[in-house]
Amino acid sequence: MSTQYKTHQEGAKEFNKNPDRVTWHDKALWFVREKRDISAHSIPEWEELREIASQVKAHSLSHLNKYLEQFEENAKANGVHVHWAKDAAEHNQIVHSILEKHKVKNVVKSKSMLTEECGLNPFLNDRGIEVVDTDLGERIVQLANEHPSHIVLPAIHKKKEEVGELFHEHLNTEKGASDPTYLTRAARTHLREKFLNADAAITGVNFAVAETGGFVVCTNEGNVDMGANLAPVHIACMGIEKLIPKVEHLGVFLRLLARSATGQAITTYSSHFHRPAEGKELHIVLVDNGRTEQLGREDFRKSLNCIRCGACMNTCPIYRRSGGHSYTYTIPGPIGAILSPGKDLKKHSSLPFASTLCGSCSDVCPVKIDIHTQLYKWRQLVMKETNYEKSKQVGMKFAGKAMGSPSLFNLMGKVGNIFLKGPRAFIYNGLNAWGIDRELPVPTETFDDWFKKNEKKNDK
Amino acid sequence: MKIGLFIPCYVNQFYPEVGKATLQLLQKYGEVGYPSGQTCCGQPMANAGCEKDGVDALKVFYDNFKSYDYVVGPSASCVLHIREHGEKLYPNMKPILDKVFDLTEFLFDVVNEENLIGSFPHKVAIHKSCHGLRGMRLGQCSERVTCNPSKQDELIKQVQNVTLVQPQRADECCGFGGTFSVAQPDVSVRMGKDRINDYIQSGAEYITSGDMSCLMHLDGIIQRQKLPIKVIHLAEILASNSTLASNEKQHHVDAI
């Protein structure tokens, strides 16, 4: 598996050792962000849509118990098997037991960040089941033995030449070939065989509708339909926050999702599932895995509005310049940085700090999650409840005291100015992170001193 | 109208010209008082996750400014912090919060300035600081489908001979981010370099902004790399040519 960094700083530092790659990564994602802008700005009622979506989510989440039960009842009436998983371990057990019952050896899976979150692939692999990710990007990272670096564009960190090498090694494409069409065709042939031989299909869920018991999965590659329609068993895994009350609400979310994600008006396929085909089985696994707990946190519950469009990643200037693998959580970028501390505050303590709080994520979010405000609030909790950057805590305490005392603050300013006028080696050294690539401002007469002098002059 | 001049700590220490320009601009609208003994707004602690350590700074702020009709400072970022977190951290702040303004807001929304007399014969790009743009809605950000007036553009257009130029990326963050700039210097500097290159490509001679902190970060890179572009605070452009007038007015300044 790809390197798991302990902090975002560590991963970002590593990523920035190759400036050309940073340039390329930033441009690739900015291109997607610009496509999103064109698409969003072509909808005059865009802000209204965002507001409605946000309200539908707020309503659904505050009545989640009711809608989950309604969903279960309707799904069961449709002949769907419904399972409840309180955490990742239970989710994996449930999926495994279904597969075991059907003696499944080969599974095709369409992209699902939830199964990634639960670590389903290694769990099934350890039990002798082959899981093939069928989304092209996800297949690429799977062959490379890596994690997705983005929730919509899992292999965005890979250049086409690297994909070419990988496919040469695993799919016998010509050495040195990197033409995207050629490589995609090779993947298509390879995956076609996997689809035809699969004993079961696992998919994610984008939206589940309480009033019908049905669900929708959005893809551009049609891999969900291919997998689910060919295999005798279809298991759909969904986080409980994916629920919306009515079919009519889909119109709001489907309009927002693809436009926010890639700038498309809608994904190529919006596949609706309601009941199993004759002679087949359809299972839905409803997963909590920390969501109820997050729902209980007033400051952070809105993070469950997320529809996984990835727009906050594309817009985040830090994500674009540090790469998805620099984050310590399955879901990278700004949304990951507000979801992860609720799972493990200590492990993900660096993530709320991987931001300048520029607020672009909150403004781009189609369901109006106040991402940067939540980052600020997680920072307060990290500093209060963990040992993250202890020395900074001490420094802040001291600075805070000084700022409560004008005379001490003034004195510190004067001492600081004298220091800044000192020899260059005193100022620019390993202790000065600012000065590695930046000059410090040159001290001068302070405004305060100027004002007092001027005042005296005018009094005379 | 009694206006309290709020000078952020780093402006006091490093950029007195910005303070002078702000003072000059404000004198047109009333009696400007500058309370000596200002410290900080407490934002550095708050954004570093230690907001409670900034309470004492807010107390000092409150004591300095409680008696003014308006409090105006040349920094959207500091003002935004006070506005967003002031009441929660120090409840006494509540009565004065509605009176605290960033310079752009004050000129555009409070006094509706339409006749600035400055002249600045240069090509200028406005760096839309995030706290001003997205926090205060001083302009239209590229993410939202709304029609907010671009207040800084409207003000700067009143200054004669200014040529505004547009960068490729209208409102990307510069990478300063307070303690972010030293906690993640690699990414911070990289973001700054990318902004500067964009502004240079646009043909700008100057990068201006309502927040000197962004400009301090960008200038740090410009100076180190000896790049062909300069930074200047918006107040200095808006107050250009008004130096003489303000010197005459100086005796009106009401010091506390």
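Computed from a predicted model, the values in this text were never measured in an experiment.

Quick word on helix H11 (residues 223-230) of chain A
Residue pairs three or four apart in sequence face the same way in an α-helix, which turns once every 3.6 residues. Turning to H11(A), its buried residues number three or more, namely A:Asn223, A:Val224, A:Met226, A:Gly227 and A:Ala228. Buried residues belonging to H11(A) abut strand E2 (106-109), helix H10 (180-196), strand E4 (200-203), strand E6 (214-219), strand E7 (233-239) and strand E9 (269-273) of chain A.

Considerations on the domain arrangement of chain A
All names here are of chain A. Partitioning chain A into domains gives domain 1 (43-289), domain 2 (301-385) and domain 3 (391-459). Inter-centroid distance (C-alpha atoms) of domain 1 to domain 2 is 23 Å. Elements that contribute at least two residues to the side of domain 1 that touches domain 2 include exactly helix H3 (46-62), helix H6 (113-118) and helix H12 (250-261). By residue number, the principal contributor to the side of domain 1 that touches domain 2 is H3, which donates six residues. In the side of domain 1 that touches domain 2, the residues fall into 10 nonpolar, six polar and six charged.

Considerations on the interface of chain B and chain A
On the chain A side, the residues contacting the 61 residues of chain B number 62 residues. Taken together, the residues of the side of chain B that touches chain A break down into 28 nonpolar, 22 polar and 11 charged.

Structural notes on the pairing of strand E3 (residues 70-73) of chain B
Residues and elements named next belong to chain B. Judged by which residues are buried, E3 turns out to be covered on both faces: Tyr-70 and Val-72 on one side and Val-71 and Gly-73 on the other are all buried. Of the strand pairs in this sheet, E3 and strand E4 (residues 100-102) are connected by three bridges, and their pairing is parallel. Within E4, the residue paired with Val-72 across the bridge is Phe-101.

Structural notes on the sheet that holds strand E7 (residues 206-209) of chain B
All names here are of chain B. Spatially, the four strands line up as an open sheet ordered E6-E5-E7-E8, and their pairing is parallel. Every other strand in the sheet has two partners, leaving strand E6 (163-164) and strand E8 (230-233) as the edge strands with one partner each. Bridge analysis of strand E5 (residues 123-126) against E7 gives three bridges, and the strand direction is parallel. Bridge pairing in E7 links Val-124 to Tyr-206.

How each quantity is defined
- Residues numbered from 1 in each chain as written.
- Chains lettered and ligands numbered in written order.
- Predicted model: local features only at pLDDT ≥ 70, side-chain atom pairs only at ≥ 80, totals over all residues.
- Buried ≥ 20, exposed ≤ 12 C-beta atoms within 10 Å, placed from the backbone.
- Helix = DSSP H or I, 4+ residues; strand = E, 2+ residues; numbered from the N terminus.
- Contact = placed C-beta atoms within 7 Å.
- Domains from an automatic or database assignment.
- Nonpolar A, V, L, I, M, F, W, Y, C, P; charged D, E, K, R; others polar.
- Pairing = 2+ DSSP bridges.

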